Amino acid sequence: MDLVIGPLDLPAHVDEALNVQAVAFGLGPDEVAVRRQIVLRHMTNPGARAFGATTSEGRLVGFVYGMPNDRTHWWSTVVQPYLRAQHHEHWLDDSFVITELHVHPAHQNRGAGRALITTITDTASEPRSILSAIDIESPARALYRSLGYRDLARRVLFPSAPRPYAVMGAPLPLLRAR
């Protein structure tokens, strides 16, 4: 991998990061504007941190951010009933949430996503990690499974999201490639 993985001052690089997310996730300008405010708010939470993947020229081509889970946060309140129904509600406690992970399509399938998520979870003091991903078989879901994440709840509906999500969880540290 010809990318450098390191800590990212996400508030200072929020527009670069959201450009990566827009391309990787197919977001329009209105969605980017909303997500900009969400990212900036998230980064004020205790324990929130971000890592970036940059080229040798210093261009940001991937990022991850997350934080210790808080049951009062919007995401937790949405997924909690789904997790409870599957007897996995305890995953909301003492967990590190991967809030966003995106790699520019031109740099995907080269290990950047794996390096980003393992780097950020290696900094977590919590014993487990949780995240949500679109509930389809995708390269992202395959990556998460290879790291030890498993489905905790499926067909999770977020307000205004056009597709259902899966909530996945893994014990920390994450599995490493053999």
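These figures come from a predicted structure and were not determined experimentally. Within any chain, residue numbers begin from 1 and follow the written order of that chain's sequence. Confidence filtering applies because this is a predicted model: local features only for residues at pLDDT of at least 70, side-chain atom pairs given and counted only at 80 or more, and all residues used for totals across whole chains, interfaces and linings. Side-chain measures were taken over the full set of non-hydrogen atoms in the model, leaving aside hydrogen atoms and water.

**Observations concerning the sheet that holds strand β3 (residues 60-68)**
Remark on secondary structure: sheet strands pair via backbone hydrogen bonds, oriented parallel or antiparallel.
Then, in step 1: Here a strand pair is declared whenever DSSP counts at least two bridges between the two strands. A run of DSSP states H or I qualifies as a helix once it reaches four residues; a run of E qualifies as a strand once it reaches two. Both are numbered from the N-terminal end. Taken in spatial order, the seven strands of this open sheet run β1-β2-β3-β4-β5-β7-β6, and their pairing is mixed. Strands at the two margins of the open sheet, each flanked by one partner only, are β1 (4-7) and β6 (150-156). Here the strands of the sheet are splayed against their neighbours by 20° on average, with no regard to which way each runs.
Then, in step 2: Strand direction decides the pairing type here: β1 and strand β2 (residues 49-54), joined by four bridges, are antiparallel. Paired with Ile5 across the strands is Ala53, a residue of β2.
Then, in step 3: Note on definitions: a residue-residue contact is assigned when non-hydrogen atoms from the two residues lie within 4.5 Å. Each axis is a line fitted through C-alpha atoms, and for a helix only the stretch in contact is used; angles between axes span 0 to 180 degrees, taken between their N-to-C directions. The sheet contacts of helix α2 (residues 29-42) involve β3 and β4 (95-103), and relative to β3 the element is tilted by about 50°.

**Structural notes on the packing of helix α1 (residues 14-25) against α2**
Then, in step 1: Two numbers describe how α1 lies on α2: the axes approach to 10 Å, and their chain directions differ by 130°. By the angle between their directions, the pair α1 and α2 is classed as oblique. In this structure, α1 meets α2 at a crossing whose hand is right-handed. Residues Val14, Asp15, Leu18, Gln21, Ala22 and Phe25 of α1 touch α2, and the partners they reach there are Val32, Arg35, Arg36, Val39 and Leu40.
Then, in step 2: Grouping the amino acids of the contact of α1 with α2 by side-chain chemistry returns seven nonpolar, one polar and three charged. Orientation is classified from the angle alone, with under 35 degrees giving roughly parallel, over 145 giving roughly antiparallel, 65 to 115 giving roughly perpendicular, and any other angle giving oblique. Two helices cross in a left-handed way if the nearer one is turned anticlockwise from the farther one by less than a right angle. They cross in a right-handed way if the turn is clockwise. When residue character is reported, Ala, Val, Leu, Ile, Met, Phe, Trp, Tyr, Cys and Pro are called nonpolar, Asp, Glu, Lys and Arg charged, and the others, Gly included, polar.

**Considering the side chain of Thr121**
Then, in step 1: Considering the arrangement of structural elements, one finds Thr121 in helix α4 (residues 112-122).
Then, in step 2: At a separation of 2.9 Å, a polar atom in the side chain of Thr121 contacts the main-chain carbonyl oxygen of Ile117.
Then, in step 3: Residues adjacent in sequence count toward polar contacts only when both atoms are side-chain atoms; beyond that, a polar contact is any pair of N or O atoms within 3.5 Å, and within protein one must be able to donate a hydrogen and the other to accept it. Polar side-chain contacts of Thr121 include one of 3.3 Å to the backbone oxygen of Thr118.
Then, in step 4: Leaving out residues up to four positions away in the same chain, Thr121 has contacts with Ile98, Ser129, Tyr149, Leu172 and Leu174.

**Describing the environment of Asp122**
Then, in step 1: Of note, Asp122 is situated in helix α4.
Then, in step 2: Remark: exposure states derive from per-residue accessible area (1.4 Å probe, protein chains only) relative to the maximum for the residue type, with buried under 20%, exposed over 50%, and partly exposed in between. For Asp122, a relative accessible area of 44% puts it in the partly exposed group.
Then, in step 3: The sequence separation of Asp122 and Leu172 amounts to 50 residues, and the corresponding C-alpha distance is 7.8 Å.
Then, in step 4: Not counting chain neighbours up to four residues away, the residues in contact with Asp122 comprise Pro173 and Arg176.

**With respect to the packing of aromatic side chains**
Then, in step 1: Classification of ring pairs uses Phe, Tyr and Trp, with its six-membered ring standing for Trp, and accepts pairs whose centres are within 6.5 Å; under 30 degrees between planes counts as stacked, over 60 as edge-to-face, and the remaining range as tilted. Enumeration over the complete set of coordinates arrives at three aromatic pairs.
Then, in step 2: Aromatic side chains Tyr144 and Tyr149 sit 5.9 Å apart centroid to centroid with 65° between the ring planes, which places their arrangement in the edge-to-face category. As far as burial versus exposure is concerned, Tyr144 and Tyr149 are alike and both buried.
Then, in step 3: Seen from their ring centres, Phe158 and Tyr165 are 5.2 Å apart, and the 90° between their planes marks the pair as edge-to-face.
Then, in step 4: Phe158 gets classed as buried once you look at its relative accessible area, which sits at 9%.
Then, in step 5: Chaining the aromatic ring pairs together yields one cluster made of Trp74, Phe158 and Tyr165.

**A short note on unusual backbone geometry**
If a residue is not glycine, its phi is most likely negative; likewise, a peptide bond is most likely trans.
Then, in step 1: In this structure, Pro173 follows Leu172 across a cis peptide bond, with omega equal to 0°.
Then, in step 2: Of note, Pro173 is situated in the segment after β7 (165-171).
Then, in step 3: Even without a glycine there, the phi angle at His87 is positive, about 65°.
Then, in step 4: Turning to its location among the elements, His87 is positioned in the loop between α3 (74-85) and β4.
Then, in step 5: When its relative accessible area of 67% is taken as the criterion, His87 is described as exposed.
Then, in step 6: For Ser160, which is not glycine, the phi torsion reads 70° and is therefore positive.
Then, in step 7: Relative to the helices and strands, Ser160 is located in the loop between β6 and β7.
Then, in step 8: Taking the relative accessible area as the measure of exposure, Ser160 reaches 81% and is therefore exposed.

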